[in-house]
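So the chains spell out like this:
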Amino acid sequence: MPMKYRARSRRSWAEPFKIKMVEPLEMTTREQRESAIDEAGYNTFLLKSDEVYIDLLTDSGTNAMSDRQWAGMMSGDEAYAGSRNFYRLEQTVRDYYGFKHLIPTHQGRGAEHILSQLLITPGTVVPGNMYFTTTRAHQELAGGTFIDIICDQAHDPAGDHPFKGNVDQEKLKKVIEEYGADRIPYMCLHTTVNMAGGQPVSMQNIRETTEMCHARGIPVYLDATRAVENAYFIKKREPGFEDKSLAEILKEICSYTDGCTMSGKKDCLVNIGGFLALNDDDLAERAKNLVVLYEGLHTYGGMAGRDMEAMAQGIEESVSYDHMHARIGQVEYLGELLSDNGIPIVTPVGGHGVFVDARAFLPHVPANQFPAQSLAAALYVDSGVRGMERGAVSAGRDPTTGENRIAKLELVRLTLPRRVYTQAHMDVTAESIVELHHKREKIHGLKFTYEPKLLRFFQARFEPVDSQRVLDD
Ligand code: F0G
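Because the structure is a prediction, the values reported are computed rather than measured. Residue positions are given per chain, counted from 1 along the sequence in the order it is written. The predicted nature of this model means local features are confined to residues of pLDDT at least 70 and side-chain atom pairs, given and counted, to a pLDDT of 80 or more, with totals for whole chains, interfaces and linings taken over all residues. The basis for every side-chain value is the complete set of non-hydrogen atoms in the structure, without hydrogens or water.

K.L.:
Is there a simple way to think about the overall build of the protein in this case?
P.N.:
Going along the chain from the N terminus, every DSSP run of H or I of four or more residues is numbered as a helix, and every run of E of two or more is numbered as a strand. A tally of regular secondary structure across the protein gives 16 helices and 14 strands. In this description the radius of gyration comes from C-alpha coordinates, and the expected globular size is given by 2.2 Å times residues to the power 0.38. Relative to the globule expectation of 23 Å for 473 residues, the C-alpha radius of gyration of the protein, 22 Å, shows essentially globular dimensions. For the protein, the spread of C-alpha atoms along the principal axes amounts to about 60 × 55 × 45 Å. Within the protein, contacts between residues separated by at least 24 positions form 74% of all contacts whose residues are at least 6 apart in sequence. Contacts are assigned to residue pairs with any non-hydrogen atoms lying within 4.5 Å of each other.

K.L.:
Which parts of the structure should I look at to understand the site of the ligand?
P.N.:
Put simply, a residue is near a molecule or strand once any heavy atom of it comes within 4 Å of that molecule or strand. Around the ligand, 17 residues are found, and the nearest of them are Thr58, Arg109, Asp223, Ser263 and Lys266. Whenever a nitrogen or oxygen atom comes within 3.5 Å of another N or O atom, the pair is scored as a polar contact, on the condition that within protein one atom can donate a hydrogen and the other can accept it, and that pairs from neighbouring residues in sequence are kept only if both atoms are in side chains. Residue Asp223 places a side-chain N or O atom 2.6 Å away from a nitrogen atom belonging to the ligand. Working definition of accessibility: Shrake-Rupley area with a 1.4 Å probe, residue cover restricted to the visible protein chains. Taken by itself the ligand offers 470 Å² of open surface, and the protein chains cover 95% of this. With three residues, helix H4 (residues 108–119) is the single largest residue contributor to the shell around the ligand. Here the shell around the ligand is built from residues that sort into one nonpolar, nine polar and seven charged. Put simply, Ala, Val, Leu, Ile, Met, Phe, Trp, Tyr, Cys and Pro go in the nonpolar bin, Asp, Glu, Lys and Arg in the charged bin, and everything else, Gly too, in the polar bin.

K.L.:
Explanation requested: the domain arrangement of the protein in the structure shown.
P.N.:
How big an interface is tends to be reported as the loss of accessible area on association of its parts. For every domain, the bounds stem from an assignment made automatically or drawn from a database. What the domain assignment lists for the protein is domain 1 (30–59 + 321–464) and domain 2 (67–318). Its C-alpha centre places domain 1 at a distance of 26 Å from the equivalent point of domain 2. Contact residues are listed per partner, giving 33 residues for domain 1 and 38 residues for domain 2. By definition, a salt bridge exists where a carboxyl oxygen of Asp or Glu is found within 4 Å of a side-chain nitrogen of Lys or Arg. The tally of links from domain 1 across to domain 2 stands at five salt bridges.

K.L.:
Is there a simple way to think about the sheet that holds strand S12 (residues 411–415) in this case?
P.N.:
Sheets are built from strands paired through backbone hydrogen bonds, the pairs being either parallel or antiparallel. The three strands are arranged S9-S12-S11 in an open sheet whose pairing can be described as antiparallel. With one partner strand each, in any of the chains shown, strand S9 (353–357) and strand S11 (388–390) form the two edges of the open sheet. Taking each pair of neighbouring strands and ignoring which way they run, the sheet shows an average axis angle of 35°. The pairing criterion for strands is at least two bridges between them, as found by DSSP. For S11 and S12, the ladder comprises three bridges, and the chain directions are antiparallel. The residue of S12 that forms the bridge with Glu389 is Val412. Interaxial angles span 0 to 180 degrees and are taken between N-to-C directions of axes, which are lines fitted to C-alpha atoms, for helices over the stretch in contact.

K.L.:
Please clarify how a nonpolar patch on the surface should be interpreted in this entry.
P.N.:
Like charges are joined within 9 Å and nonpolar side chains (Val, Leu, Ile, Met, Phe, Trp, Tyr) within 5 Å, but only among residues with over 30% relative accessible area and no salt bridge; these make up the patches. The grouping of Phe17, Ile19 and Val22 at the surface amounts to a nonpolar patch, some 310 Å² of accessible area in total. Mapped onto the fold, Ile19 is located in the segment before helix H1 (30–39).

K.L.:
Please clarify how the pairing of S9 should be interpreted in this entry.
P.N.:
The side chains of a regular strand alternate between both faces of the sheet. Partly exposed residues are those whose accessible area sits between 20% and 50% of the maximum for their type, while under 20% is buried and over 50% is exposed, using a 1.4 Å probe and protein chains only. Counting buried positions along S9 yields five of five residues, so the element is predominantly enclosed. Taking every second residue as pointing to the same face, both faces of S9 are buried, with Gly353, Phe355 and Asp357 on one and Val354 and Val356 on the other. Where S9 lies against S12, five bridges are found, and the strand directions are antiparallel. From the neighbouring strand, Gly353 faces S12, where its bridge partner is Thr415.

K.L.:
For this particular structure, what's the right way to read the pattern of salt bridges?
P.N.:
Side chains that differ in sign of charge can pair as their charged atoms come close. In total, this model carries 27 salt bridges according to the counting rule given. Its salt-bridge partner being Arg469, residue Glu34 comes within 3.1 Å of it at the nearest N-O pair. Residue Glu34 is located in helix H1, and its partner Arg469 is located in the segment after strand S14 (461–464); the two are separated by 435 residues in the primary sequence. A salt bridge links Asp59 to Arg226, with the nearest nitrogen and oxygen atoms 2.8 Å apart. Here Asp59, found in the loop between strand S1 (54–55) and helix H2 (67–73), pairs with Arg226, found in the loop between strand S6 (220–223) and helix H8 (227–237); they are 167 residues apart in sequence, far enough to count as distant. There is no split in this pair, since Asp59 and Arg226 are both buried. Salt bridges here are not isolated pairs; linked through shared partners, they connect Asp59, Arg226, Glu229, Arg327 and Arg418.

Right under this line is the structure:
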């Protein structure tokens, strides 16, 4: 079915770059894809990248670097200790994020591991605006319990709340009253909120939330993975910020918090790397002691010198308005194509991807047959587009009861790598989803054939229920 293009006039967000090098892709047939998804146990994480045409699995580490970043790679100082690239990165993080101490890690979860080990003790609780898979896993590994205090609007896929990532102040207050500040080692503040669909948090909410925590002696650590994307939404949606630069907004967000964990593989426009940034001297000292144990010396923490150089350059590029306008503009473009054609998606469209409401898309597939997992597999079969399940499979089981966690949202995430795909790729993706929606009755549910204990979504395997295939002809 051909897509309908909008006739209304618009001023586009065209990319502020031109393409200097291309990476050719193999095109596959439907038959090849049917066999590939079967081999992969109907889990898009287990597909080989060569089998994928348009890879919207994640925006993590899949960014295209700029010529300046590649040039910076050549100036990598691969000294074991005291690499010059570390000092540039340290200064860049101070300049843009405003935190005093930089502890580099191989990626975001390395920083989460160290922060969790330093602050969490068994029996403590960590409130946060929705969980993220690796963040919560590290909190639990250290003996803590995560408590979700995100606003109720975040759990409603439809709706037009501009800051669905906001913390619900009442829920936070209740958690503090119930457990007492002594049992709360820190609050974990995500910007933007990945699992809610890349939804932002408002500056006002950040200010009020951090004030409430600090008044009771509870530090707040930011998950700054997509904080620049959050800054863009604040500029666009929150009164008083329209004339501020993304750099100013980012700095203000960070200024209310005590430090951050960072997966550099997103906002920072690189393929690998992360960091923990802290203001507290004593905590930073202890973090440096731990990073040596788990990641590498405190002046590289699992990154090569060249990776740190690329990240420093990427941070500078990430706060460019033109970059972010095109980046989020592309996400919104895909979102518009889908919603204009009646596809149920999470609204407003978030910062790093479009999240399809699989429960509404496949009403005939029951929750225990994993509608989002099924839809992601069917999409791959139809067009070679790879998305990711973010629903019951990702939510996993409760570690104490062993029961499946009830996922309020059952989504397929179409995540957009930065600076990688074109508008035509977005059109092809939308056309496939619209086509699938027309023949949704032909999509079958799935059941587990293998279920790993931790972070099961990465390696779980499935087979179609009552059918040989996940998508009939
Ligand atoms: N925090 C958030 C909000 C994330 O989205 C991620 C990773 C991490 C922490 C962990 O960072 O992967 O560098 O160790 N998200 C990826 C994703 C995996 O696909 O959303 P990491």
